[in-house]
Amino acid sequence: MSRPFPYTYISCPCVERPVSDPSRKKETSPRKGSSQPAPEINDNDDEEEEKDFDPRSPRANFSLYPPEQLLYCEDCHQIKCPRCITEEIVCWYCPSCLFETPSSMVRSEGNRCARNCFSCPICTAPLAVSTLENVSGSGSQQGPWVLSCGYCMWTTLDIGIKFDKPTNIRNQLSKMTESSRGRQMSRAYGDLKSPLSPLATAYSTVDGPEVPPDDGKPPADEDPAVLGPDARFAALKAFYRNQLSETSASPNDPLGTDFGAGFSSPGALNRIMSLYTSSTLSGLYGGNSKKSKPKPLMMREAQTASEGLKLAASDAEDTIIQRMASDDCGWEGLASSEQRVFQFPEARFVEDLLPLPTLLRTKRSKRCKSCKHILVKPEFKPQSTRFRIRLIALSYIPLTTIRPLAVSPSSGVTSSTTLLAAPTPDLNALQPLQPIQILLTLKNHMFDPVRVTLGTPSVTPGAVATKVTILCPQFDIGANSDVWDEALQASNPADQRSSRSGLTGGYEKVAEAGKVWDKGRNWTTVVLEVVPGLLERKTGTLNTKEKKDEEDAKDARHARDATSDGGWSDSDENETTPPPGHGLGLETQSSPAPAQPDEDVLEIPVFVRMEWDSENQMEQPVAKGKPEMVKRELAYWMVLGVGRIEY
Amino acid sequence: MPPKAAKGEYIETDTGNKISRRSNIHGTQHIILGGKTVIQTDAVIRGDLYRLPGAHPSSSSSTTGDSGEPTPAPAPAAPNTPSVAVSIGRYSYVSKQAVLRPPSRLHRGVHSFYPLKIGDHVFIGERAVVEAASVGNHVHIGCDAVVGSMAILKDFAYVLDGAVIPPGMVVPSWCVVGGAPARIVGEVGEGYGVEGAEGGLARERYRLVGR
Ligand SMILES: [Zn+2]
Ligand SMILES: [Zn+2]
Ligand SMILES: [Zn+2]
Ligand SMILES: [Zn+2]
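Here the structure is a predicted model, which is why all the values come from computation and not from measurement. (Residues numbered from 1 in each chain as written. Chains lettered and ligands numbered in written order. Predicted model: local features only at pLDDT ≥ 70, side-chain atom pairs only at ≥ 80, totals over all residues. Heavy atoms only, no water.)

Caption draft 1: Broad picture of the overall build of chain B. A tally of regular secondary structure across chain B gives one helix and 23 strands. Counting across all 211 residues of chain B, residues that qualify as buried make up 56%. Counting contacts in chain B only where the partners sit at least 6 residues apart, residues at least 24 apart contribute 40% of the total. Carbon and sulfur atoms make up 53% of the accessible area of chain B, which amounts to about 8,700 Å² in all. (Helix = DSSP H or I, 4+ residues; strand = E, 2+ residues; numbered from the N terminus. Buried < 20%, exposed > 50% of the residue type's maximum accessible area, 1.4 Å probe, protein only. Contact = heavy atoms within 4.5 Å. Areas by Shrake-Rupley, 256 points an atom, 1.4 Å probe, with all protein chains shown as cover.)

Caption draft 2: Geometry of the sheet that holds strand β22 (residues 629-644) of chain A. Residue and element names in this part refer to chain A. Strands sit in the order β2-β1-β22-β21-β16-β18 across an open sheet of six strands; the sheet is antiparallel. Edge positions in the sheet fall to β2 (64-65) and β18 (474-477), since each of these pairs with one other strand and no more. Two elements, strand β1 (residues 7-11) and β22, share five bridges in a ladder whose sense is antiparallel. Opposite tyrosine 7, over in β22, you have glycine 641 as the bridge partner. (Pairing = 2+ DSSP bridges.)

Caption draft 3: Structural detail: the coordination of the zinc ion (ligand 3). Residues and elements named next belong to chain A. Coordination of the zinc ion (ligand 3) by the protein involves Cys120 (SG), Cys123 (SG), Cys149 (SG) and Cys152 (SG), with metal-donor separations of 2.2 to 2.3 Å. Taken together, the four donor atoms coordinating the zinc ion (ligand 3) and their angles of 100 to 117° define a geometry best described as tetrahedral. Mapped onto the polypeptide sequence, the residues donating to the zinc ion (ligand 3) form the spacing pattern C-x2-C-x25-C-x2-C. Of this pair, cysteine 123 sits in the loop between β7 (118-119) and β8 (127-131) while cysteine 149 sits in strand β9 (residues 145-149), placing them 26 residues apart in sequence. (Donors = N, O, S within 2.8 Å, 3.2 Å for Na, K, Ca; no water. Tetrahedral: all angles 85-135°; square planar, octahedral: opposite > 155°, others 65-115°.)

Caption draft 4: Spotlight on empty space enclosed by the protein. Overall, the coordinates contain 12 cavities of 30 Å³ or more when judged by the stated rule. Volume-wise, the largest cavity comes out at about 290 Å³. Forming the boundary of the largest cavity are 23 residues, of which Thr362 and Lys363 of chain A together with Ser173, Trp174 and Glu187 of chain B lie nearest the centre. For the lining of the largest cavity, the secondary structure elements donating two or more residues are β11 (361-368) and β12 (374-378) of chain A. No other element matches the four residues that β11 of chain A contributes to the lining of the largest cavity. For the lining of the largest cavity, the residue count by class is 10 nonpolar, six polar and seven charged. (1 Å grid on protein atoms, 1.4 Å probe; cavity = no way out; pocket = protein on both sides within 12 Å on 5 of 7 lines; lining within 4 Å. Points joined across faces, edges and corners; volume = space filled by probe spheres on them. Nonpolar A, V, L, I, M, F, W, Y, C, P; charged D, E, K, R; others polar.)

Caption draft 5: Focus on the interface of chain A and chain B. At the interface, 36 residues of chain A touch 34 residues of chain B. Taken together, the two surfaces of chain A and chain B that pack against each other cover about 2,900 Å², and 57% of this comes from carbon and sulfur. Three residues stand out in chain A for area buried against chain B, namely Glu68, Tyr151 and Thr385 of chain A, and they jointly supply 18% of the buried area on that side. Linking chain A with chain B are four salt bridges. Between glutamate 198 of chain B and arginine 3 of chain A there is a salt bridge, and its shortest N-O distance comes to 3.5 Å. The tally of links from chain A across to chain B stands at eight residue pairs in polar contact (both at pLDDT 80 or more). Of all the elements in the fold, those that place two or more residues in the side of chain A that touches chain B are β11, β13 (387-390), β14 (399-404) and α11 (492-500) of chain A. Ranked by the residues each element gives to the side of chain A that touches chain B, the list is headed by β11 of chain A, at four residues. (Buried area = accessible area lost by both parts, 1.4 Å probe. Salt bridge = Lys/Arg side-chain N within 4 Å of Asp/Glu carboxyl O. Polar contact = N/O pair within 3.5 Å; in protein donor to acceptor, adjacent residues only side chain to side chain.)

Caption draft 6: Up close: unusual backbone geometry. At the junction of phenylalanine 5 of chain A and proline 6 of chain A, the peptide bond is cis and its omega measures out at -10° in the coordinates. Tracing the backbone through its elements, the reader meets proline 6 of chain A in the segment before β1. Alanine 180 of chain B connects to proline 181 of chain B through a cis peptide bond whose omega is -5°. Mapped onto the elements of the fold, proline 181 of chain B is located in the loop between β22 (175-178) and β23 (183-187). One non-glycine residue, histidine 121 of chain B, lies in the positive phi region at around 55°.

Caption draft 7: Up close: the confidence of the model for chain B. All names here are of chain B. Here chain B shows a mean pLDDT of 85. Residues at 70 or above account for 83%. Low pLDDT, under 50, characterises residues 56-79; the stretch is placed with 31 contacts to residues that sit more than four places away or in other chains. Model confidence for the complex: the whole-complex pTM is 0.74, and ipTM, which rates the interface, is 0.84. (pLDDT = per-residue confidence, 0-100.)

Caption draft 8: Examining the side chain of lysine 363 of chain A more closely. All names here are of chain A. Note that lysine 363 resides in strand β11. Of the side chains bearing the opposite charge, glutamate 379 lies closest to the buried lysine 363, which forms no salt bridge; the N-O distance is 7.2 Å. Here serine 384 takes part through its backbone oxygen, which lies 2.8 Å from a polar atom of the side chain of lysine 363. (Lys, Arg positive; Asp, Glu negative; His and termini not counted.)

Caption draft 9: Highlighting the coordination of the zinc ion (ligand 2). Residue and element names in this part refer to chain A. Coordination sphere of the zinc ion (ligand 2), protein contribution only: Cys94 (SG), Cys97 (SG), Cys113 (SG) and Cys117 (SG), at 2.2 to 2.3 Å. Around the zinc ion (ligand 2) sit four donor atoms, and with donor-metal-donor angles ranging over 105 to 115° the site reads as tetrahedral. All donors of the zinc ion (ligand 2) come from a single chain, and their spacing in sequence reads C-x2-C-x15-C-x3-C. On the criterion of sequence distance, the pair formed by cysteine 97 in the loop between β5 (85-93) and β6 (100-101) and cysteine 117 in the loop between α1 (103-109) and β7 is long-range, its members being 20 residues apart. A residue is classified by how much of its surface remains accessible, and cysteine 97, at 22% relative accessible area, is partly exposed.

Caption draft 10: Summary view of a positive patch on the surface. Residues and elements named next belong to chain A. Judged by side-chain charge, Arg59, Arg83, Lys369 and Lys372 come together as a positively charged surface patch. Here arginine 83 lies in the loop between β4 (78-80) and β5. Judged by relative accessible area, arginine 83 falls into the partly exposed class, the value being 38%. (Patch = residues over 30% accessible without salt bridge, like charges linked within 9 Å, V, L, I, M, F, W, Y side chains within 5 Å. Charge placed at Lys NZ, Arg CZ, Asp CG, Glu CD.)

Caption draft 11: Examining the side chain of glutamate 190 of chain B more closely. The topology assignment puts glutamate 190 of chain B in the loop between β23 and α1 (202-208). At a separation of 2.7 Å, a polar atom in the side chain of glutamate 190 of chain B contacts the side chain of lysine 366 of chain A. When neighbours within four sequence positions are excluded, glutamate 190 of chain B is seen to be in contact with Glu68, Leu71, Lys366, Val376, Phe387, Arg390 and Ile392 of chain A.

Caption draft 12: View of the packing of aromatic side chains. Residue and element names in this part refer to chain B. The tally for this structure, following the rule as stated, stands at 12 aromatic pairs over all chains. Ring centres of tyrosine 93 and phenylalanine 123 lie 5.6 Å apart, and the angle between their planes is 20°; this geometry places the pair in the stacked category. Of this pair, tyrosine 93 sits in strand β8 (residues 93-94) while phenylalanine 123 is found in strand β13 (residues 123-124), placing the two residues 30 residues apart along the sequence. For phenylalanine 123, a relative accessible area of 15% puts it in the buried group. Taking NZ or CZ as reference, arginine 51 lies 5.4 Å from the ring centre of tyrosine 114, over its face. (Phe/Tyr/Trp six-rings, centres within 6.5 Å; stacked < 30°, edge-to-face > 60°. Lys NZ or Arg CZ within 6 Å of the ring centre and 35° of its normal.)

Caption draft 13: Inspection of the pairing of strand β21 (residues 601-615) of chain A at higher detail. Residue and element names in this part refer to chain A. Burial runs high along β21: 12 of the 15 residues are buried. Examined bridge by bridge, strand β16 (residues 450-455) and β21 share five bridges and lie antiparallel to one another. Within β21, the residue paired with threonine 453 across the bridge is arginine 609. Sheet topology places β21 next to β22; 15 bridges connect them, and they run antiparallel. Residue pairing across strands places isoleucine 604 opposite leucine 640, the latter belonging to β22.

Caption draft 14: Representation of the pattern of salt bridges within the structure. Tallied over the entire structure, the rule returns 24 salt bridges over all chains. Its salt-bridge partner being arginine 232 of chain A, residue glutamate 346 of chain A comes within 3.6 Å of it at the nearest N-O pair. Of the two residues, glutamate 346 of chain A sits in the loop between α9 (337-341) and β10 (356-357) while arginine 232 of chain A sits in helix α3 (residues 229-247), which places them 114 residues apart along the sequence. The class of glutamate 346 of chain A is partly exposed, set by a relative accessible area of 26%. Two residues, glutamate 195 of chain B and arginine 203 of chain B, come together in a salt bridge whose shortest N-O distance is 2.5 Å. Through salt bridges with shared partners, one network takes in Glu87, Arg361, Arg364 and Lys366 of chain A together with Glu187 and Glu190 of chain B.

Caption draft 15: Structural context of the environment of tyrosine 396 of chain A. Considering the arrangement of structural elements, one finds tyrosine 396 of chain A in the loop between β13 and β14. When near neighbours in sequence (up to four residues on either side) are disregarded, tyrosine 396 of chain A contacts Tyr72, Glu74, Leu391, Met446 and Met610 of chain A.

Caption draft 16: Main features of the sheet that holds β5 of chain A. Residues and elements named next belong to chain A. One open sheet accounts for five strands, arranged β6-β5-β11-β12-β13; its pairing is antiparallel. A strand with exactly one partner marks an edge of an open sheet, and here the two such strands are β6 and β13. Taken together, the three bridges between β12 and β13 define a ladder with antiparallel strand orientation. Within β13, the residue paired with proline 378 across the bridge is phenylalanine 387.

Caption draft 17: Layout of α3 of chain A. If you check α3 of chain A, its first and last C-alpha atoms are 26 Å apart, about what 19 residues at 1.5 Å a residue would give, namely 27 Å. Turning to α3 of chain A, its buried residues are Pro229, Asp230, Ala231, Arg232, Ala234, Ala235, Lys237, Ala238, Phe239, Gln243, Leu244 and Thr247 of chain A. (Expected span 1.5 Å × (residues − 1).)

Below, the structure written as structure tokens:
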């Protein structure tokens, strides 16, 4: 995992939807707290039987998100991850000059900056407009201008391009590349029009309006290389559009409608109207009166250069090969495939590469996929970082922070007391079998107090079995109060926290089962007791079971999961490692010494179930006076990335 | 920056800046710290690279960094106000061995320095080299990253570890950049920067320093 320890990820409940039974009554409230400590485990109805979340399963990657990336839908009362939402573009802007491009212009001109922003065709760094005359002194700024890369030092001089003025570079460039005769390709570099644009003027680069050619006319050979790629594309597009409208003029042609009204728009209305007067079927089956219509023209291919036909020179490939083989080309002179991806297909050599106008980016609003309510709506202006609507999950679910507690011999660690004198354990080198205590703080951002129930498998899934105990799995968190209160008291609670858990306080305070560690206005801290598992020889840790009922129950459930439902997550985890529950006794034989990468990462799945009463404001706007209180419930899995176990 | 508490690794200034005694700060009269900013061991801040007065009567660079303006400079030591080389906002954090150097540019044949403006709640990772023209609020610059001369990092920009931001590059708000040369590889979530969450840890980070 890429984040430094400790970190928290949250699993979006939508991960269960694909496997959930559609006949379930509660689609939106995901799980019962099945993993909360015994004895309530068996109280749940059978269809709600749950598996513990396995952060190592390949599926987990698709549901785990950093909390700040999650949204919350107030109508569905559910966490929403990027898979649960749809996006709409609010504005297009250039990431380099930060100017907005109207969407109409994006449609017609393509999604690239029309100003002076270009990226280097060699290395993708942004190009700067700089003057050549700069060095001569502070006098004139009139010198020719070039685009230059500050990263790889490429300039447009390398391809023989200079600009007369420092503005409107894109136009200058397209004119230049269009008209320059020396270069074999990119004659009409054009302006990278959006291929899908209905407004793209087809003949902008072709001389004169196209006359529908008579058939049989041989390809015009007057100027074999008239068109550059863009112009040729435009010509071809216009040609085929023309062809479509001509050949589909007849209502009998089913293709005409299949291609949509966008093509052949002149005839569209005609065609639609004639659908009502003549049936296609009658036309197909050689119907009656429509026979008098002239047979529609057959579609043909482009035949002249002005239509977009390009004949390859017979020695074209030889020329390229010779050029590649020549000494002044070499490996350096060849364009890499990454470079060529964004260039015209003919570009083979570094000299063929042209500066690329910067791709635009978008600001997007986001909607809940299931109820279509808007969850995020940013300000329209590209530079603004404000939001008109922003329903982030962190405003609803508790903000979770974890911190290792300073190791103290007198703390409530049961098994061993031979602790090293480390003040706080190094999260990047957790000692196997050495119990540590972790402070888990949940901070409530809602204005209602919340009751939280935490649950965790007593042994982490995966090859490295770490024992985890939440000393106080059920607790309350106070309501968040006014923003101003919080601002004024911002430093207090945390100061208390850190002082209490500091070197001096840590020795006095002892974590007790069933009691919260600390509590503030809108936050509560509980202690997690963690015994990191052994990485290589796993039997030792696992079989020294704590004699706790809940753990027995968990283990039993583990085994049941693995056997009964085949373990959808476990089975595809790793061919060499058996499902964790199932393999409890077998692991000595079946686990090879060097296991998966990151197997030493200690990630603890924790099931969070929160309940609170809130005013029912959504459904009943009419009922004034006493607000009706509704019971709300939200449950999800989160994963605590605690550290890395040393071995 | 008069030292308040003389013990421990950090000097704490009147405005709450915590500055490691083992940091390398040059040209202090050209540096403005907004308060509650942390400067770690072996961090280098080159306040000595300021624009020479009189060389350019015109106002500073044309870049419009709208990042949080630092609090006004303390009373200038010299009779004429020294030009600002580096300004850092509140709750920003300069990690070990990071280097902050004002950007420079060849302008009309003269090589001159421009101020480096850093906003509030900015994190600068270990061994990062920053030569930006402006760094907005809540910007994260990863370890070993290089931010090229005159680059502009807008609010909430996120620079991945080891990224090399080419000179003059603009990183828009919320964008994640990485690689060498850096490209926009993604966006941070909408919750980024919320107090206590990713991007909003600056106060907590500050609090833990020197404890
Ligand atoms: Zn989801
Ligand atoms: Zn632009
Ligand atoms: Zn380059
Ligand atoms: Zn919804």
